[in-house]
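# Structure at a glance
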Amino acid sequence: MNHLKKSEHYHLKGGRVVKTTKCKGKLFNLVWVTSILLVVVPAAFGDNFPEKPVTIVVSTSPGGGLDTAIRQLVPFFEKHLGGKLVLQYQPGGSTAVANTIVAKSKPDGYMIDAVGEPHYQLTFITQKVSYTIDDLIPMGPFSCDPGVYRVRKDAPWNNLKELIDYAKSKPPRTIKVSVSERTSGNYLAVKQLEEATGVTFNIVPFGGGNPARLALLGGQVDLTNAGVFNSLSIAEKSKVIAVHYQENRWPELTDHARTVNQQLGTKLSNSISYNAFWLPAKIKTEFPDRYKKLVKAFHDALTDKEYVAQMKKLGLEAQVVREDPEPHDRASRELLKELEKYKDLLLAK
Amino acid sequence: MVENILAALPILFSVKAILFVGLGLIIGFIFGALPGLSSSNAAALVLPMTIGMDLDVALIFFAGIYCGAQYGGSVPAILVNTPGTPGAAATSLDGYQMTLRGEAARAIGISRMASMLGGVVSGVIVLLIVGPISTIALKFGPAELFLVAFLGLTLISTTVSDDTRKSMLSAALGFLIAAMSGDPYYGAPRLTFGFMALYEGLPFVPVLVGLFAVTEMFFLCRKESLVSDTGSRVSATLIEILGIKGAFDGIVDTVKRPFLILSATVVGLVLGITPGIGTAVANFVSYGLAKGFSKKPEQFGKGIPEGIIASEACDNAVCGGAMVPSFTLGLPGSTMTAIMLSAFYLHGVLPGPQVMVKQAPMVYSVLLSIILSSILILPLGIVLSAPLLYIVYIKPKYLVPIILFLCTAGVYSISNSMFNVFVMFIFGFVGLLMRINHIPAPPLVIALILGPIAEQNFVRAYLLADGDLTYFFSSFISIILWVIIIAAVLFKPLMKVFRGVSKRKGNPQGLPGG
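So, a few notes on the structure that sits alongside this text. Since we're looking at a predicted model, the values are computed, not measured. (Residues numbered from 1 in each chain as written. Chains lettered and ligands numbered in written order. Predicted model: local features only at pLDDT ≥ 70, side-chain atom pairs only at ≥ 80, totals over all residues. Heavy atoms only, no water.)

## So, the overall build of chain B
For chain B, the helix and strand inventory stands at 24 helices and two strands. Its C-alpha radius of gyration of 22 Å places chain B within 12% of the 24 Å reference for a compact globule of 514 residues. In terms of principal-axis extent, the alpha carbons of chain B reach across some 70 × 65 × 60 Å. Looking at the 514 residues of chain B, the share that counts as buried comes to 60%. For chain B, restricting intrachain contacts to residue pairs at least 6 apart in sequence, the fraction spanning at least 24 positions comes to 79%. Of the roughly 20,000 Å² of accessible surface on chain B, a fraction of 72% belongs to carbon and sulfur atoms. Side chains of chain B carry 29 positive and 23 negative charges; the gap between the two charge centres is 10 Å. (Helix = DSSP H or I, 4+ residues; strand = E, 2+ residues; numbered from the N terminus. Rg over C-alpha atoms; globule rule 2.2 N^0.38 Å. Buried < 20%, exposed > 50% of the residue type's maximum accessible area, 1.4 Å probe, protein only. Contact = heavy atoms within 4.5 Å. Areas by Shrake-Rupley, 256 points an atom, 1.4 Å probe, with all protein chains shown as cover. Lys, Arg positive; Asp, Glu negative; His and termini not counted. Charge placed at Lys NZ, Arg CZ, Asp CG, Glu CD.)

Put into structure tokens, the structure is as follows:
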């Protein structure tokens, strides 16, 4: 019996070896079929995206305005996407570092570029970048910040008109203005104001929004151009004297100031910055469903009642914007064309 | 103020808050001890988790991380000359020398006690005068910031190393490297060699890790053992092994020098309030001052407790100082405080001056938590660093690859880029060349941080003044800074003359003193 068993066992073992070889062949087929299915089926029916955390590449340092705005949105974005989002900070190159990383990444939807505008467009003009405007497509903006002019609370001017009249009565460059950077939207805005009024300011870039606002409070400058919402932290010690936008939609937050154009009779274009998400452009052709899913989740998050309530609690509900990708793409390209007119001004030595 | 402190006490002394202080300290310690990573990396990582907490608990959590990392960074700096955080670079100058002498436990004990005292004293000062000093940060305009940077460089070049000429050489190299960036006014790239990553300047942490840690490995790998007398391990008692004896020695060494603690704390506090300066500079300034005013400056850098105390007390004093502009003005001076303010937004509170009015108990509870965290560094620090003391007994042939691996991983993970890793190794080699030629590394490190601050603020001040250079003398703070700068430059020669005179006085024959 024993002997028989043994031989059986042996035989079985031998059989198993043969079987395994056969199995390999079947397995191989199985892998083949599965991989074909994996490629074809998702394209036809949508896959389980996201199967791993999606990375948001942030073009500024942690703790900045962009980072904070993203953090506020992330829980709701995750809720509607049904997956995790992780933030990766890649400041540098005036947003070019983050843009390059995402533009050159695999367009599988696992990399999102978070960048401010018009900074994004200005980078094309002021930097030598290795990507083009066609390499990235927007998912849309998620927050906006229109420009305002702020002076210290104890300043003698109650509106921009008074300040401009004062500046005209004094030698040029008497009024000192702080802006974040020389390649930023607020520098351009002040330059446009100069052009329209004939006044010459002493415009000093402070390397960031925070230092620029600090300089106003510290008395180093007389005027600053900043965002409505970004500058709320200095609202108690300063006052808004003009809104650089077509209308003042935020009277409570801006000391009921009138717009630049209302006060001066000028025809200046809007000064407004956005924070937006971008994706590698090829995702639209290679993973169209993931693109749709990401965009939908993002837009659902922006309209999520809880998110809106949270922003309302901060008094920042007006900061939230929503725009579909296609119109935003068109607007972004138009802005780039518009800004290219100022190329000489931005790069002037 | 008293009522606010009283209202803050129940917030801090809740089970939850104390738990998060402890947890924060541990997380901070680990991130601080890992080369390349620091408190801001830890804070960015835990920020999403704090959404579910109350804001005060979240901030207390961050305060714990901050304090833990400040202390944690000193441990690898002392043990293997690898600063875990930028601030710990100054600590390694004397700490590592003590380790080589077989006094690692004592050096860490000193660092721990100095961290604790620096944190507590600065926390108490900030607690008492946070209101009145809230506007100090505003007084530091571009002209003043330029002078602070100028002062820092002067102090470091004249005091940290004994050879002023070689220090200046090192600082000049640092300036040259710092110039590899976008121009601060036009934004045009300079010396970036087409590397986009250089546009915002060379990443600082990889340079630091390269110059200190990687360079050290070249020397360490030639040794049989890290500590000169490994034999003592055999006879060591349990108390010694656990570092309890070292902790005790450290306490004694530290409390014997109350004036040094106080001066280091004040330096840390003032430079902590000043936006954008950071711990690396503050600690070196404190170290330089301690050496300048010491009766035995020649012993600095050879492993004396004063060197560690000056750096570490200042390191943790910066924590308290950094809270001032963040809470009172809503203006962060560093990445760490920026993340703390980001937590405000996530909890539906707008940071700014109104926070001190509307949320005063919360602000005071965070300041109190800094004091509590600092006190807890003492017991928790012993537990956390005791196992690390064994590092000094690992044979260099195993230790060197482990440290190089940790450095590479840490530096890579700052921004997931190999660029940082290459920078680290290049500077490891640069550090080797410098060390062979006896050129000190700290001036280069400081010039790398202060170069951009000095340049940007000089350009701003120059623009603000429309080219009128008297602008640099126009405020009370600038005048004070100028006086200190001139004193720093003349201090050494004057001391020499003074010593010469006093020696001659004590020498009746009138023979030249040796």
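## What to know about a nonpolar patch on the surface
Residue and element names in this part refer to chain B. Together, Met1, Val2, Leu6, Leu9, Phe13, Ile18, Val124, Leu128 and Ile129 line one region of the surface with nonpolar side chains, adding up to about 750 Å² of accessible area. Of all the secondary-structure elements, those providing two or more residues to the nonpolar patch are α1 (2–12) and α7 (104–129). Judged by relative accessible area, Met1 falls into the partly exposed class, the value being 36%. (Patch = residues over 30% accessible without salt bridge, like charges linked within 9 Å, V, L, I, M, F, W, Y side chains within 5 Å. Salt bridge = Lys/Arg side-chain N within 4 Å of Asp/Glu carboxyl O.)

## Brief notes about the nonpolar core
Grouped together as the largest cluster of nonpolar side chains are 228 residues, with contacts concentrated most on Ile56(A), Ile70(A), Phe77(A), Phe277(A) and Phe62(B). Looking at which domains feed residues into this core, each of domain 2 (44–144 + 275–347) and domain 3 (145–272) of chain A supplies at least three. Non-local contacts of Phe77(A), meaning those with residues more than four positions away in its chain, are made with Leu85(A), Ile112(A), Met139(A), Phe277(A), Leu294(A), Ala297(A), Phe298(A) and Ala301(A). Judged by nonpolar contacts, the second largest core, of 23 residues, contains Val151(A), Ala155(A), Tyr187(A) and Val260(A). (Core = buried A, V, L, I, M, F, W, Y, C linked by side-chain atoms within 4.5 Å. Domains from an automatic or database assignment.)

## Structural notes on the packing of aromatic side chains
If you walk through the whole model with that rule in mind, you get 26 aromatic pairs over all chains. When the centroid spacing of 5.5 Å and the interplanar angle of 85 degrees are considered together, the rings of Tyr287(B) and Phe300(B) count as edge-to-face. Of the two residues, Tyr287(B) is situated in helix α16 (residues 278–293) and Phe300(B) in the loop between α16 and α17 (305–329); the sequence distance between them amounts to 13 residues. Its relative accessible area of 4% is what places Phe300(B) among the buried residues. Geometrically, the ring pair formed by Phe473(B) and Trp482(B) is stacked, given 4.9 Å between the ring centres and 15 degrees between the ring planes. By relative accessible area, which is 43% here, Phe473(B) ends up partly exposed. Seen from the ring of Tyr110(A), Lys52(A) lies directly overhead, with NZ or CZ sitting 4.6 Å from the centre. We note Arg435(B) situated over the ring of Phe219(B); from NZ or CZ to the ring centre the distance is 4.1 Å. (Phe/Tyr/Trp six-rings, centres within 6.5 Å; stacked < 30°, edge-to-face > 60°. Lys NZ or Arg CZ within 6 Å of the ring centre and 35° of its normal.)

Worth remembering: the numbers are spatial, not functional.
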